[in-house]
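A closer look at the structure
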Amino acid sequence: MNISFATDVGKIRENNQDYVAYKKIHDDELFLVLADGMGGHKAGEVASQMTVNYLIDHCEEHEELETSNDVKIWLNNMIHDVNQEVYEKSSKDEALEGMGTTVVIAYVTKGHLFISHVGDSRAYLFKDHELKQLTVDDTLVNALLKNGYITSEQAKNHPQKNVLIQAIGVTDLLNVSFLDLPCDFDDVLLCSDGLFNSLTDDQIAKILEEDLSVEKKAQKLVDEANVYGGFDNISVILLEGGEA
């Protein structure tokens, strides 16, 4: 499998509050994580970096993960632990008060792809020329849509479409998503909202179809998002070469 990531401040923001990293664990585990921070001054930058560094630093510290439920509990515990770390830091420093971040994780091992997330950073799977969104955004608009208060058409351009209902460091109780999928894909893409708010699914898929290295694809996704939007920080991690 080949991995690459790219990140850019975009055309509007003064600083980049996204943070991305990955780690190869032994010969049979890959751990990828992306976070999109929020908060005044540089607080969001602190929250996203704290979250990613914590998860990368602790992702090797687990017992034998024999079942899917073992993985679910492990990821859930790590996310809750870093949630507490970020919350405590923000409560002790007035300059960081109210900071938070999204997070999305991909963990690949033993023929399985596991996904967990909080917030509206996304995971996509690209296979057989089709791009599929794996995660569901933790937004107010999605909650309204799910409960029948608005239609899908109204949701597309809703003025509050970026309002999160949960994020790392902001709430005590988190509803962490979890997916267990076969490791059978052309590409797995993790990204912040700066990508999918600038490019359509078709535009993303077209880039993933190109005969380019994984490094050039990742960079082109970010570059094209700047061309067609660039109103936020833009970050991606691209993993290619999966097979069942």
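Because the structure is a prediction, the values reported are computed rather than measured.

**Details of the nonpolar core**
Phe31, Trp74 and Leu75 are the most contacted members of the largest nonpolar core, which has 31 residues in total. Those elements that place two or more of their residues in this core are β2 (18-25), β3 (29-38), α1 (43-58), α2 (68-92), β5 (103-109) and β6 (112-118). No other element matches α2, which puts seven residues into this core. Those residues in contact with Trp74 that lie beyond four places of it in its chain are Phe31, Cys59, Glu61, His62, Leu65 and Tyr107.

**Some details on the environment of Val141**
Of note, Val141 is situated in helix α3 (residues 140-146). On the accessibility criterion, Val141 (4% relative accessible area) is buried. On a C-alpha basis, the gap between Val141 and Val163 in space is 7.6 Å, while along the polypeptide they are 22 residues apart. Beyond its immediate sequence surroundings of up to four residues, Val141 is in contact with Ile150, Ala155, His158, Gln160 and Lys161.

**What to know about α1**
Here α1 spans 23 Å end to end across 16 residues, near enough to the 22 Å set by a 1.5 Å rise per residue. Taken together, the buried positions of α1 are Ala43, Gly44, Ala47, Ser48, Thr51, Val52, Tyr54, Leu55 and Ile56. Turning to α1, the residues buried within the fold contact β2, β3, α2, β4 (100-101) and β5.

How each quantity is defined
Residues numbered from 1 in each chain as written. Predicted model: local features only at pLDDT ≥ 70, side-chain atom pairs only at ≥ 80, totals over all residues. Heavy atoms only, no water. Core = buried A, V, L, I, M, F, W, Y, C linked by side-chain atoms within 4.5 Å. Buried < 20%, exposed > 50% of the residue type's maximum accessible area, 1.4 Å probe, protein only. Helix = DSSP H or I, 4+ residues; strand = E, 2+ residues; numbered from the N terminus. Contact = heavy atoms within 4.5 Å. Expected span 1.5 Å × (residues − 1).

Read these as layout, nothing more, since geometry by itself doesn't imply function.
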